[in-house]
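Listed here are the chains, written in short residue letters.
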Amino acid sequence: MFLRLFLFLTALTFCSALPIRLARRTIYTSSILRRSEPARFERGVFVVQFRSTIDDTIMRRLQSILGYTPTEYVPTNALVLFINSTDTGERLNTALGTRIKHFEKLLRDDRRADIAQSINEMRARPPVGGELRASRVGAKQKATQELVPQTVRLRVRSFYGSSREHDEDVDRAKTYVAMLSNSMANLEHRPTPRVDDEAHHITVEDIDIEEAELAADSIIDNLDDVYWTEIEWPYELLNSWAVPVVHRASAGERTGPGVTQSTDWQPLMNLTGAGQIIGLSDTGIEYNCFFSDGKGPAGGQYPSVLGLDSVPTDTGHPKIRAYSSGVGGDLRDYGSTAGHGTHVAGIIAGRATPGTSSAKYNGVAPNARLAFIDLLQSGPNAKYLSVPDIGVMLQWFLDAGARIKSASWGSSNGGRYTIDDHDIDEFVWRHRTMLVVTAAGNVGKVGSIATPAMNKNGLTVGASMNGYDAYNLAVKPTTNYATTSPRWLASFSSLGSSSLSFDKPDVVAPGGQYVWSADNDAPLNGNCADET
């Protein structure tokens, strides 16, 4: 009886402790499991758990002692901190020791993703026929038909930029590039480090895939301010079939076989998107009737800009507030792999001339305007998406007046929480008026949410109804309509996992109906086929 009671109390103590959940392990911090705690702080990266919620008083004291503002929160009630010296650690312990429950220096495996597993999964992925495989600008990812790239890109997160932000005499970018290069001197094939001016956005490009794990370990072993490294997964387009039936579907409107959307339908509660600017990043927008109110050239030229350093002046264009080439786009939606952006833009905010047959394909928010970043590189044979840094991209949209950002692309990487997910969470935490909407993915398995849809502060959208069955039904309506009802989750829609501490996807919306949106093959004079 005594043994049973002891085991019960031990289990209760274990379960009631507030764990620290790292990417690859969980640290349980009950009093009976503190043997791994070091005797004192020293130089290095630590996870520090506090006894209660991390309030403003704690943050002010940390900023004063460390010289930078900590932002890397870890559940539960913990922060990842860089301690630059034993003296700093002693000051931290003196000032906040009574409020610290547990602290532990991060191990090598705590500071990197499972690189070997990522590479093995890349090798095992089947080619995606007919879809665009996307990568970030500069990464030497191969085309859709090639299964595994010969080189990969590492993404690195370090405290170097934050901890040296007050050193005006230091060229942080140049210094850290040299430090990264020196740390990987043991590699047979020398990769290319890239660091922005503030040393906040750090990547290592052209890493031979066979040396990727060695590169990550070499960086971590030689640079003690690095707290995370991961392989960058290639991005792909995720939206294939969609329709604005989220407004209403009374009496079977636009939901049954043979039903045609009326050209004068009215959105539920008159929610038309009027006065809203919606941010969108995709392959581009072709200038047809859906984005000129059917006025063609008379609708005016939309304001555009090269790059993301500035936002163009608002010219009052009826549909496009601002259009950026991003880091490689051609300000069009042209080529064999294009069309996706025009389609998604039409779903969101397309608006044709009222009374025309094209108006039945208007978007869910036809009176909204778009701020757009072009991700498709120029040329008819372009094969890559050039995705800018997530934080830079979101800031551009915010400056353009957008408070909703939509992304119908992602990477099916097994439900991992990546740097891009982290960057969305951090940006939304700092800018509470921004909503980032991401596609859940098209894998259809448990634990398959795509990145960056694993973010916690945004909205991840799955799909209801099977788009492939819906397409077959539209072409040859012999299937029982009930099998394609929007009440069912689409078989291709990616799923979350019960092992997560949060639910994904957050919502589902029709993703498989056979009603169409804008097409990049429409006439480029601003008109549609029925208006020429």
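Heads up: the structure comes first, above all this text.
Residues numbered from 1 in each chain as written. Predicted model: local features only at pLDDT ≥ 70, side-chain atom pairs only at ≥ 80, totals over all residues. Heavy atoms only, no water.

Looking at the packing of helix H4 (residues 115-124) against helix H7 (residues 212-222)
Reasoning step 1: Running from amino to carboxyl end, H4 crosses H7 at an angle of 155°, the nearest separation of the two axes being 9 Å. By the angle class used here, H4 and H7 are roughly antiparallel. You can see that H4 and H7 cross each other, and the crossing is right-handed. Between H4 and H7, the contacting residues are Ile115, Ala116 and Ile119 on the first element and Ala212, Glu213 and Ala216 on the second.
Reasoning step 2: Split into classes, the residues belonging to the contact of H4 with H7 amount to 5 nonpolar, no polar and 1 charged. (Axes fitted to C-alpha atoms, helices over the stretch in contact; angles between N-to-C directions. Helix = DSSP H or I, 4+ residues; strand = E, 2+ residues; numbered from the N terminus. Parallel < 35°, antiparallel > 145°, perpendicular 65-115°, else oblique. Left-handed = near helix turned anticlockwise from the far one by under 90°. Contact = heavy atoms within 4.5 Å. Nonpolar A, V, L, I, M, F, W, Y, C, P; charged D, E, K, R; others polar.)

Section: the packing of aromatic side chains
Reasoning step 1: This model, assessed by the stated rule, comprises 10 aromatic pairs.
Reasoning step 2: Ring centres of phenylalanine 41 and phenylalanine 46 lie 5.2 Å apart, and the angle between their planes is 70°; on these two criteria the pair is classed as edge-to-face.
Reasoning step 3: Phenylalanine 46 gets classed as buried once you look at its relative accessible area, which sits at 0%.
Reasoning step 4: Between tyrosine 68 and phenylalanine 159 the ring centres are 5.7 Å apart and the planes differ by 40°, which places this aromatic pair in the tilted class. On the criterion of sequence distance, the pair formed by tyrosine 68 in the loop between helix H2 (56-66) and strand E4 (73-74) and phenylalanine 159 in the loop between strand E8 (151-158) and helix H5 (160-163) is long-range, its members being 91 residues apart.
Reasoning step 5: By relative accessible area, tyrosine 68 is classed as buried at 2%. (Phe/Tyr/Trp six-rings, centres within 6.5 Å; stacked < 30°, edge-to-face > 60°. Buried < 20%, exposed > 50% of the residue type's maximum accessible area, 1.4 Å probe, protein only.)

Observations regarding the pattern of salt bridges
Reasoning step 1: Per the counting criterion, the structure on display carries 22 salt bridges.
Reasoning step 2: Residue arginine 112 is joined to aspartate 109 by a salt bridge in which the shortest nitrogen-to-oxygen separation is 3.5 Å.
Reasoning step 3: A salt bridge links arginine 157 to aspartate 423, with the shortest nitrogen-to-oxygen separation between them at 2.7 Å. Of this pair, arginine 157 sits in strand E8 while aspartate 423 sits in helix H10 (residues 419-430), and the two are 266 residues apart along the sequence. Neither arginine 157 nor aspartate 423 differs from the other in exposure class; each is buried. (Salt bridge = Lys/Arg side-chain N within 4 Å of Asp/Glu carboxyl O.)

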